[in-house]
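Commentary on secondary and tertiary structure
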Amino acid sequence: MFLDTLIAHGKLCPKPMVGDESMWLRFKEAIKPVLNKQKLDYLGISAFHKKGYKGAGIKIASRESDKTTHGAMVADILKQIAPDADIVLKENYQKGTDADIYTTSSFYASDTYKQHKETAAKLYGEDVLLCCAVGNEGDSSQTELSKNECWTSIGACDLENSIPKRMYYSSITPDLDFVSLTNMETKDGKFTGTSCATPVFASMCALVQEYFKDKIGRKLTNRELLDFVKYNCIDLYEVGRDDKTGYGIFVLPEPENIDINKYVEEEGYMDEKYGYVVYNDFDAIPSWGQDAVSKAIKLGILKGTGKGLGLTETELKTMVWFDRLGLLTKPNPQEDDIILPPKQ
């Protein structure tokens, strides 16, 4: 309509001159209004787009079908935020997926914790980020998938005078992980509920994955990615995690301000899923354990040097005790390794 007005007032030619059509198309694109601009700006999405991060090389799979209005709105949100991502719709994750991120805002009676536990654990272990809506039931209920620790559950909030506020209907539960913005405009109308907030969150994670792939040559693991999200959350309710807003609303930092080393695990880390510390890098091993590890490597008791040690804290402590007791030797030259305690 704006172009028509300019043409009517003689400010623009109704048709581009020969050879100028590409310029005309670029001009139309430049003045085309951006849907949800205020919200994209607030979430840091616009800044990522300006730096060229739009989800390229990242695959997002959705359970929804664009043959329904609900599914079409999910697809629209994914394309608005991660326009360069490979977006696949109507994918049944239970049959496996090669996606980097899987999102769903649709739920079925078969979505029981028991039914999906094994598949979800397998995909989580393969570093597929599983995102689901927590539900729109307030304090009365939540979606079944959100009860599974392998799914990242998303609640809804919206901006009031540029300040994020929790939506009254967003399900309240200790299983809630994060909230994101809802009431987003799409070509099919306004998209509401946690069904909207979930693809917003999922597609933001696609931008993060493209950024790190560009900077360090690989995507973040689920643990690294979720740590990045937590670190860049704004608390909306109680300090820390709470039942109403989880860890808060995830806001992308300015790309140039990201301290990459803060999020990339080259050192010892706590595996929250299994509850033990793992040291992958010799330099990350505490000073009290380095002598014993060095000796174990020289004796051939411990395999590996540099990156990839995969030594748990329990194993490290056992190794130090063996060393102090004078037992850190090969008891039998025919054996390659001593038997260390199992991971706890």
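Everything numeric here is computed off the predicted structure, so don't read it as measured data.

A word on the packing of helix H7 (residues 194–216) against helix H8 (residues 222–231). Axis separation between H7 and H8 bottoms out at 11 Å; the angle between their running directions is 110 degrees. If you check the angle between H7 and H8, you find them roughly perpendicular. By crossing handedness, the relation of H7 to H8 is classed as right-handed. Together, Phe201, Cys205, Val208, Gln209 and Phe212 of H7 and Leu225, Phe228 and Val229 of H8 make up the contact between the two elements. Of the residues in the contact of H7 with H8, the class split is seven nonpolar, one polar and no charged.

As a further point, take the packing of helix H5 (residues 69–81) against H7. Contact geometry for H5 and H7: axes closest at 9 Å, N-to-C directions at 30 degrees. As the angle between them shows, H5 and H7 are arranged roughly parallel. Here the hand of the crossing between H5 and H7 comes out right-handed. Taken together, the residues of H7 that come into contact with H5 (itself represented by His70, Val74, Ile77, Leu78 and Ile81) are Ser195, Cys196, Pro199, Val200, Ser203, Met204 and Leu207. The class makeup of the residues in the contact of H5 with H7 is nine nonpolar, three polar and no charged.

The next thing to look at is the environment of Ser105. Along the polypeptide, Ser105 turns up in the loop between strand E3 (101–104) and helix H6 (113–125). We classify Ser105 as buried; its relative accessible area is 6%. Measuring from C-alpha to C-alpha, the distance between Ser105 and Pro199 comes to 8.0 Å, with 94 residues separating the pair along the chain. Within the structure, the side chain of Ser105 is placed 2.8 Å from the backbone oxygen of Ser195, a separation counted as a polar contact.

This next bit is on helix H10 (residues 313–324). Its twelve residues place the ends of H10 17 Å apart at the C-alpha level, agreeing with the 16 Å of an ideal helix rising 1.5 Å per residue. Taken together, the buried positions of H10 are occupied by Glu315, Leu316, Thr318, Met319 and Val320.

Here the focus is the side chain of Thr97. As for its placement among the helices and strands, Thr97 is situated in the loop between strand E2 (86–88) and E3. Taking the relative accessible area as the measure of exposure, Thr97 reaches 14% and is therefore buried. Within polar-contact distance, the side chain of Thr97 engages the side chain of Glu91 at 2.3 Å. Of note is the side chain of Thr97, whose polar atom sits 3.0 Å from the backbone nitrogen of Ala99.

A word on the side chain of Glu91. Along the chain, Glu91 falls in the loop between E2 and E3. Despite its burial, Glu91 pairs with no opposite charge, the nearest such side chain being Lys59 at 4.6 Å. What Glu91 contacts, discounting residues up to four positions off in sequence, is Ala61, Ser62, Arg63, Gly96, Thr97, Asp98 and Tyr102.

What follows is about the pairing of strand E6 (residues 163–166). Along any regular strand the residues' side chains alternate between the sheet's two faces. Of the pairings in the sheet, the one linking strand E5 (residues 151–160) to E6 comprises four bridges and is antiparallel in character. Paired with Cys157 across the strands is Arg166, a residue of E6. From the end of E5 to the start of E6, which pair antiparallel, there are two residues, and Asn161 there has a positive phi angle of about 55 degrees.

What follows concerns a nonpolar patch on the surface. On the surface, a nonpolar cluster with roughly 360 Å² of combined accessible area is contributed by Trp321, Leu325 and Leu327. Relative to the helices and strands, Trp321 resides in helix H10. On the basis of relative accessible area, Trp321 is assigned to the exposed category, the value being 54%.

Reading the values: the criteria
- Residues numbered from 1 in each chain as written.
- Predicted model: local features only at pLDDT ≥ 70, side-chain atom pairs only at ≥ 80, totals over all residues.
- Heavy atoms only, no water.
- Axes fitted to C-alpha atoms, helices over the stretch in contact; angles between N-to-C directions.
- Helix = DSSP H or I, 4+ residues; strand = E, 2+ residues; numbered from the N terminus.
- Parallel < 35°, antiparallel > 145°, perpendicular 65-115°, else oblique.
- Left-handed = near helix turned anticlockwise from the far one by under 90°.
- Contact = heavy atoms within 4.5 Å.
- Nonpolar A, V, L, I, M, F, W, Y, C, P; charged D, E, K, R; others polar.
- Buried < 20%, exposed > 50% of the residue type's maximum accessible area, 1.4 Å probe, protein only.
- Polar contact = N/O pair within 3.5 Å; in protein donor to acceptor, adjacent residues only side chain to side chain.
- Expected span 1.5 Å × (residues − 1).
- Lys, Arg positive; Asp, Glu negative; His and termini not counted.
- Salt bridge = Lys/Arg side-chain N within 4 Å of Asp/Glu carboxyl O.
- Pairing = 2+ DSSP bridges.
- Patch = residues over 30% accessible without salt bridge, like charges linked within 9 Å, V, L, I, M, F, W, Y side chains within 5 Å.
- Areas by Shrake-Rupley, 256 points an atom, 1.4 Å probe, with all protein chains shown as cover.

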